[in-house]
Amino acid sequence: MASRYVVEHLHHLGIVAEVCREIGVADWLDQQEPGNRQQVSVGTATVALVLNGLGFSNRRLYLVPQFFADKPVEHLLGPGIMAEDLNDDCLGRTLDWLYAHDVTRLFAGLALRARRAFGIEVGRLHADTTSFAVHGHYALELPEGLETPEALTAAAQSGTAGAAAGDEDAEDAGAPTVIEVTYGYSRDHRADLKQWMLALVTSGEGVPQFLQPLDGNASDKRTLLEAVQALTQQLKASGETPGVYVADSGLYGAEHMTRLNATGVHWVSRVPETSTAAQTIVQERLATLDGWHSSHDGTRHWWSREEPDLVQGPERWIVVRTQEGEERARATVQRQAERDQQTWEKRLWHLGNQTFACAPDAEAALARACQRLPPWFVVVSAAVAQVGYAARGRPRKDAAPRPQGWQIQATLTRDPVALEREALRRAAFLVATNLLDTDAWPDEAVIALYREQTVVERGFAFLKDPLFLASSVFVKRPERIMALAFVMTLCLLVYKLAEVRLRHRLAQTGQTVPDQKGKPTARPTLRWLFQVFEGIDLHHTLHPGGTRATEVLRLTKVHRLVLRLLGPAYENGYLTFQETAE
């Protein structure tokens, strides 16, 4: 009897599955409800969702079995699991289970296991929020005409929308609060779509440590503080000491800083540009170069002083300018000046065609028209008399022409000094912190810490990348959106853990891998390495005696190096196969 052959596509999924095993995703989730009798356990189904999310597929739940049809399911998820077992009913029940067991609490447990398994430090923590637009209706039980984009956006700005519903849910201690998918301020500039939001806190290397799904109109002024306080409690409960929290201006406020200072939380935050004190100190420092410091390469400049008399307690304020930021601001101001000049020249042209009874009236009209003129424009004007004769027809020989009206002649020019001043003002920003020890935390270290805030922004970009998971949310209930937010963030956790370990071990061993251009790099992205692993297949030979021999196809030196650096378990997932009985 001839041998039969079966090929299964392993690709990079062996790495993803092994990270899930190392932190114990399936085992830990199953431990939360030992009596659950779902055919495929919730833990295993969650790992399947992660594999699907990091498998470059972005499939709806009912198409997940199609994704696993040509994959080594038993090798990835365990013996006895088949692709058809991972149907939409199984995965839908898993999402419901995740929601019912509080996704924030579940993720806190997995993040703790990840920190211990991979040695992730929490000395630097970055907090931020983002929004995810949805195309579904997600109607609320509200009177007709009440739920409009305008009404709910206005409520979001005041921070009052959804408060009543949240209070009612809070009374029911037996169930988590359900988010409201509604209109709000869209980070994706899609104000026409409803949305939900996500609060995320990551380590300094971008590894997520905290998640909280939020209403679509949630306010950063409330949610960021709650995220910082909640993660602080989680870390203290596990015997860990939180480091320094970093956030944008949504966190900053006298009341918020008072609470954080009272609990001994260290923080670095940008001061809102709407703050009168921030505007004053920035303008004062830009008026002179005295007291400014510069980095060694001259690309960064700052000025700082301690503010001891603030209501919330003493803080250090640092005014920062960067060469890169100034160049961006100059380009932005120039573009804006070009647009504004066309608008204002048209306004002045229309004004110049109007006739006034006297010169003071013409000058007053010009003053009114220029009340909102940007400061980088200069108007040179004159009131010109329109000379004529009072009577109609041919004038008498001895008649002298007299002024019959007054018009404005105005010329608009740009002031390069004012444009540069505006660019510097926009490029400068104010960072505040309660780290007052300048020996332990020099100004430059605080600035560098704040600039690391991009790690959480890159995490959001990952979550929204259509090549991974969340270009669309294919579920109809807010409860399942919350569970899907957990899966999305778990995908980011798995991805960053593998990337951080690989980069660390490349640096420790002094080795490199080729990047997209074939040049050596010690800091590859895992996304690129996932693409490198495309084409890794398992070739099964089924012998007549009932045994099966498996061979791994197309493994190269780069693949073997990556697996060796990740650890023995990852090598075994790709390299150790032997004959088994069918």
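This one's a predicted model, so the numbers in the text were calculated from it and none came from an experiment.

Asker: Which residues make up the pairing of strand β2 (residues 124-134), and what are the values?
Answerer: A regular strand places its side chains on the two faces of the sheet in alternate fashion. Taken across its 11 residues, β2 has 9 buried, putting it largely inside the fold. Pairing between β2 and strand β5 (residues 244-247): 3 bridges, direction parallel. Residue pairing across strands places Leu125 opposite Tyr245, the latter belonging to β5. Pairing geometry for β2 and strand β3 (residues 194-203), over 10 bridges, is antiparallel. Bridging across to β3, Phe132 finds its partner in Trp196.

Asker: Can you explain helix α20 (residues 557-566)? Please cite residues and give values.
Answerer: Among the residues of α20, those classed as buried are His559, Leu561, Val562, Leu563, Leu565 and Leu566. Of the surrounding secondary structure, the elements contacted by the buried residues of α20 are α1 (13-23), α18 (478-509), β13 (513-514), α19 (526-532) and α21 (568-575). Backbone geometry just downstream of α20 places Gly567 in the positive-phi region, at approximately 135°.

Asker: A description of the pattern of salt bridges should follow, citing residues and the corresponding values.
Answerer: Tallied over the full model, the rule gives 25 salt bridges. A salt bridge links Arg316 to Asp443, with the nearest nitrogen and oxygen atoms 2.6 Å apart. With Arg316 in strand β9 (residues 315-322) and Asp443 in helix α16 (residues 443-451), the pair connects residues that are 127 residues apart, well separated along the chain. For the pair Arg316 and Asp443, a shared accessibility class is recorded, and that class is buried. The closest approach of N and O atoms between Arg321 and Glu326, which form a salt bridge, is 2.5 Å. Three or more residues joined by partner-sharing salt bridges are found here, namely Asp96, Arg477, Glu479 and Arg480.

Asker: Describe in detail the packing of helix α3 (residues 42-53) against α18, supporting the description with residues and values.
Answerer: Where α3 contacts α18, the two axes come as close as 9 Å, and the packing angle between them is 70°. Between α3 and α18, the interaxial angle falls into the category roughly perpendicular. Viewed along their axes, α3 and α18 form a crossing whose handedness is right-handed. In contact with Thr46, Leu49, Val50 and Gly53 of α3, α18 contributes Phe486, Val487, Leu490, Cys491 and Val494. Of the residues assigned to the contact of α3 with α18, the class counts are 7 nonpolar, 2 polar and no charged.

Asker: An account of the packing of α1 against α18 is needed here, citing residue identities and associated values.
Answerer: Running from N to C, α1 and α18 point in directions that differ by 95°, and their axes come no closer than 10 Å. In this view, α1 runs roughly perpendicular relative to α18, as classed from their interaxial angle. Together, Ile15, Val16, Val19, Cys20, Glu22 and Ile23 of α1 and Leu493, Val494, Leu497, Ala498 and Arg501 of α18 make up the contact between the two elements. In terms of residue class, the contact of α1 with α18 is built from 9 nonpolar, no polar and 2 charged.

Asker: Requested: an account of the side chain of His540, with residues and values cited.
Answerer: Mapped onto the elements of the fold, His540 is located in strand β15 (residues 537-542). On the accessibility criterion, His540 (4% relative accessible area) is buried. Side chain to side chain, His540 and Thr550 meet in a polar contact 2.8 Å long. In contact with His540, other than residues within four places in its own chain, are Arg4, Tyr5, Val6, Glu8, Arg548, Ala549 and Thr550.

Asker: Explain the sheet that holds strand β6 (residues 266-270) to me, using residue names and the numbers behind them.
Answerer: Ordered in space as β4-β3-β2-β5-β6-β12-β9-β8-β7, the 9 strands form an open sheet in which the pairing is mixed. Of all strands in the sheet, those bounded by a partner on one side alone are β4 (208-214) and β7 (293-294). The sheet contact formed by β9 and strand β12 (residues 429-433) spans 5 bridges and is antiparallel. Residue pairing across strands places Val319 opposite Leu430, the latter belonging to β12. Across the face of the sheet, helix α10 (residues 220-237) comes into contact with β2, β3, β4 and β5 while running at roughly 130° to β2.

Asker: Give me the lowdown on the nonpolar core, citing residues and values where you can.
Answerer: Residues Leu51, Phe68, Leu77, Leu98, Trp196, Phe486 and Leu497 are the most contacted members of the largest nonpolar core, which totals 95 residues. Examining the composition of this core, we find that 19 residues originate from one element, α18, more than from any other. Setting aside its immediate chain neighbours within four residues, Leu77 contacts Arg21, Thr44, Val47, Ala48, Leu51 and Leu86. Judged by nonpolar contacts, the second largest core, of 30 residues, contains Leu231, Met257, Val265 and Trp317.

Reading guide: rules and limits
- Residues numbered from 1 in each chain as written.
- Predicted model: local features only at pLDDT ≥ 70, side-chain atom pairs only at ≥ 80, totals over all residues.
- Heavy atoms only, no water.
- Buried < 20%, exposed > 50% of the residue type's maximum accessible area, 1.4 Å probe, protein only.
- Helix = DSSP H or I, 4+ residues; strand = E, 2+ residues; numbered from the N terminus.
- Pairing = 2+ DSSP bridges.
- Contact = heavy atoms within 4.5 Å.
- Salt bridge = Lys/Arg side-chain N within 4 Å of Asp/Glu carboxyl O.
- Axes fitted to C-alpha atoms, helices over the stretch in contact; angles between N-to-C directions.
- Parallel < 35°, antiparallel > 145°, perpendicular 65-115°, else oblique.
- Left-handed = near helix turned anticlockwise from the far one by under 90°.
- Nonpolar A, V, L, I, M, F, W, Y, C, P; charged D, E, K, R; others polar.
- Polar contact = N/O pair within 3.5 Å; in protein donor to acceptor, adjacent residues only side chain to side chain.
- Core = buried A, V, L, I, M, F, W, Y, C linked by side-chain atoms within 4.5 Å.

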